[in-house]
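Summary of structural features
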Amino acid sequence: MEIPETTIADLIRRLRRLEGQIRGIQQMLTDERDCRDVVTQISAASKALDQAGFSSSQAASRGAWQTPSNPPPRATPSMTSRRCS
């Protein structure tokens, strides 16, 4: 399965930004910055990593659906008529 070049470029950009964020956190620790500030930045970095993972998972699942042997699922009348309760 191939990931589109635009998706790869987006993931690399996200990971480079995250790398800079992690270096910033390391510097904060070296500079003995306030613990709350460090925790805030760690939380932000964690969320950014989660988003990058989600983005790559989406790309992988789209790629898997687009293979000729496994076309994307089509909605059937029974699927679209179901209600959430």
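Residues numbered from 1 in each chain as written. Predicted model: local features only at pLDDT ≥ 70, side-chain atom pairs only at ≥ 80, totals over all residues. Heavy atoms only, no water.

1. As for the confidence of the model for the protein
In this model, the protein carries an average pLDDT of 79, and 72% of its residues clear a pLDDT of 70 or more. When mean pLDDT is taken per element in the protein, helix α1 (residues 5-30) scores highest with 93 and helix α3 (residues 77-80) scores lowest with 49. (pLDDT = per-residue confidence, 0-100. Helix = DSSP H or I, 4+ residues; strand = E, 2+ residues; numbered from the N terminus.)

2. Considerations on the pattern of salt bridges
All chains considered together, the criterion is met by four salt bridges. In this structure, Arg13 and Asp10 form a salt bridge, with 3.5 Å as the shortest nitrogen-oxygen distance. You can see Arg13 and its partner Asp10 sitting in helix α1, three residues apart, about one turn around the helix. The closest approach of N and O atoms between Arg36 and Asp34, which form a salt bridge, is 3.2 Å. When its relative accessible area of 34% is taken as the criterion, Asp34 is described as partly exposed. In this structure, a network of salt bridges that share partners links the residues Asp10, Arg13 and Arg14. (Salt bridge = Lys/Arg side-chain N within 4 Å of Asp/Glu carboxyl O. Buried < 20%, exposed > 50% of the residue type's maximum accessible area, 1.4 Å probe, protein only.)

3. A look at the nonpolar core
Ranked by size, the top nonpolar core spans five residues in total: Leu18, Ile25, Met28, Val38 and Ala45. The set of elements that each furnish at least two residues to this core consists of α1 and α2 (35-65). With three residues, the single largest contributor to this core is α1. Beyond its immediate sequence surroundings of up to four residues, Ala45 is in contact with Leu18, Gln21, Ile22 and Ile25. (Core = buried A, V, L, I, M, F, W, Y, C linked by side-chain atoms within 4.5 Å. Contact = heavy atoms within 4.5 Å.)

4. Some words on unusual backbone geometry
Positioned with a positive phi, Glu32 is a non-glycine residue whose angle comes to about 55°. With respect to the helices and strands, the residue Glu32 is situated in the loop between α1 and α2.

5. Overview of the side chain of Thr7
Within the fold, Thr7 resides in helix α1. Note on Thr7: relative accessible area 11%, which makes it buried. Excluding its chain neighbours within four sequence positions, the residues that come into contact with Thr7 are Ala59 and Arg62.

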